[in-house]
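# Close look at the chain arrangement
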Amino acid sequence: MKKTQRSEMTRNAPLPVRRGVAPSRVHLPAGTWPTLLDFMLERFKHIPADILRKRLERGDIVDQDGVVQTLASPYRPLRWLWYYREVPQEESVPFDLPVLFRDDHLVVADKPHFLASTPGGRYLRETALIRLRSQLDLPLLSPLHRLDRDTAGILLFCVDPQYRGAYQSLFQDREVQKEYEAVAPLRGDLNLPKVYRSRLEPRTGHFTMHEAPGTANSETQIELIGKISHREGLGHYRLRPHTGRKHQLRVHLSALGIPICNDGFYPDLLAYADTDDYSRPLQLLARAIEFRDPYSGGLRRFESMRRLAFVDDPGPL
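Residues numbered from 1 in each chain as written. Predicted model: local features only at pLDDT ≥ 70, side-chain atom pairs only at ≥ 80, totals over all residues. Heavy atoms only, no water.

### Quick word on empty space enclosed by the protein
- The tally for this structure, following the rule as stated, stands at two cavities of 30 Å³ or more.
- There is about 60 Å³ of room inside the largest cavity.
- Lining the largest cavity, in full, are Leu28, Asp63, Gln69, Pro74, Arg76, Arg79, Trp80 and Leu81.
- Per element, the largest residue contribution to the lining of the largest cavity is three residues, and it comes from strand β3 (residues 79-83).
- The residue inventory of the lining of the largest cavity, partitioned by class, reads four nonpolar, one polar and three charged.
- Counted as a void, the second largest cavity has a volume near 40 Å³.
- What lines the second largest cavity is simply His145, Leu147, Ile154, Lys178, Tyr180, Ala286, Ala288 and Ile289.
- Those elements that place two or more of their residues in the lining of the second largest cavity are β8 (177-185) and β13 (284-292).
- Ranked by residues supplied to the lining of the second largest cavity, first place goes to β13 with three residues.
- Class assignment of the residues belonging to the lining of the second largest cavity gives a composition of six nonpolar, one polar and one charged. (1 Å grid on protein atoms, 1.4 Å probe; cavity = no way out; pocket = protein on both sides within 12 Å on 5 of 7 lines; lining within 4 Å. Points joined across faces, edges and corners; volume = space filled by probe spheres on them. Helix = DSSP H or I, 4+ residues; strand = E, 2+ residues; numbered from the N terminus. Nonpolar A, V, L, I, M, F, W, Y, C, P; charged D, E, K, R; others polar.)

Rendered as structure tokens:
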């Protein structure tokens, strides 16, 4: 579903945005289930049956007309159900999300490490989007781009869907300049600055990316800002991506033999951990973003107030 369609869907939903969380919906296909509960038990097998029953008992699910569904509701095919997605036992991310700029069109936030940009998987309320919707009372707020959960820095949001298209076009036409910083190993035989290009594709059956043969679809300008005096063998890098592929900066630096410090994905995927180690953030920061505003016509530049830990902190790795 296109982003404009999702925005329109949210605007016309029979349920309001609740504490920053927009309602979700599911289509009821043709079928002969006696009751709505029978369908839900088959459709949502990953959710315990008692949880589904309780949600119907509480009146948490409505149809496309806003009518509350119950345990006794018959199954009515070719319609829509609306509900609020829930994530049980979601861990709180103990870092702030300051707003650096806000007007009638834009909200600019300085995202911390470990906070997801948007809901997905096991993250819902502990995401930048949901926090800001609730904090700023902007139920239609939507992201203009995303940062990995592991990456900190500048993140842009659109206040209302009617303005989104103009800003989205800037990203699609590569008229937005992004600047990142990273801490990674030094390589004496690596000539910098340089532009690195490669073809990035999803790894089969996994969420990570890999370099594949073929025409390059990703490009990053890489330069060394300087050596980190108290971190022997480490350098402070500036990265300017000209494309926006998933995990692009992480893959590119890993491919060059200088993987970003504390990267649990590249070059090797580490074992999944149930909890985050907040003392070891990925050393990647979205330092700045710059573009010409389609409404004011003025040049906009926003810079993160955050600093990479390895640049400032002389403590042990």
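Additional details are given in the paragraphs that follow.
### Some words on helix α5 (residues 161-172)
- Look at α5: 17 Å from first C-alpha to last across twelve residues, which is about the 16 Å you get at 1.5 Å a residue.
- Where α5 is concerned, the buried positions are Pro161, Tyr163, Arg164, Tyr167, Gln168, Leu170 and Phe171. Looking down the long axis of α5, one finds its buried residues gathered within 145 degrees of arc, a one-sided arrangement. α5 presents Gln162 and Gln172 as exposed residues on the side facing more than 90 degrees away from its buried surface. (Expected span 1.5 Å × (residues − 1). Buried < 20%, exposed > 50% of the residue type's maximum accessible area, 1.4 Å probe, protein only. Arc of directions from axis to C-beta.)

### Comments concerning the environment of Pro185
- Along the chain, Pro185 turns up in strand β8.
- C-alpha separation for the pair Pro185 and Arg280, spaced 95 residues apart in sequence, amounts to 16 Å.
- Once residues within four sequence positions are removed from consideration, Pro185 is found in contact with Gly233, Leu234, Gly235, Tyr237, Ile258 and Pro259. (Contact = heavy atoms within 4.5 Å.)

### Quick notes on the packing of helix α2 (residues 36-43) against helix α3 (residues 49-57)
- Two numbers describe how α2 lies on α3: the axes approach to 10 Å, and their chain directions differ by 140 degrees. Two packed elements cross with a definite hand, and for α2 against α3 that hand is right-handed. Between α2 and α3, the contacting residues are Leu36, Leu37, Met40 and Leu41 on the first element and Ala49, Leu52, Arg53 and Leu56 on the second.
- Here the contact of α2 with α3 is built from residues that sort into seven nonpolar, no polar and one charged. (Axes fitted to C-alpha atoms, helices over the stretch in contact; angles between N-to-C directions. Left-handed = near helix turned anticlockwise from the far one by under 90°.)

### Details of the packing of aromatic side chains
- Applying the stated criterion across every chain, the model contains 13 aromatic pairs.
- Relative to Phe39, the ring of Trp33 has its centre 5.1 Å away and its plane inclined at 75 degrees; by these criteria the two rings are edge-to-face.
- Ring pairs connect the aromatic residues Phe101, Tyr163, Tyr167, Phe291, Tyr295 and Phe302, which therefore count as one cluster.
- Here the guanidinium or amino end of Arg25 rests over the ring plane of Trp80, the centre of that ring lying 3.6 Å away. (Phe/Tyr/Trp six-rings, centres within 6.5 Å; stacked < 30°, edge-to-face > 60°. Lys NZ or Arg CZ within 6 Å of the ring centre and 35° of its normal.)

### Points about the nonpolar core
- By size, the foremost hydrophobic cluster in this structure holds 36 residues, and its most contacted members are Val107, Leu132, Phe157, Leu239, Leu253 and Leu284.
- If you list the elements that add at least two residues to this core, you get β5 (106-111), α4 (128-136), β7 (152-158), β8, β12 (234-241), α6 (248-255) and β13.
- Residue contributions to this core peak at five residues, all from α4.
- Beyond its immediate sequence surroundings of up to four residues, Phe157 is in contact with His105, Leu106, Val107, Ala109, Ala128, Leu129, Leu132, Leu141, Ser142, Pro143 and Leu144. (Core = buried A, V, L, I, M, F, W, Y, C linked by side-chain atoms within 4.5 Å.)

Treat this as a map of the structure, not an account of what it does.
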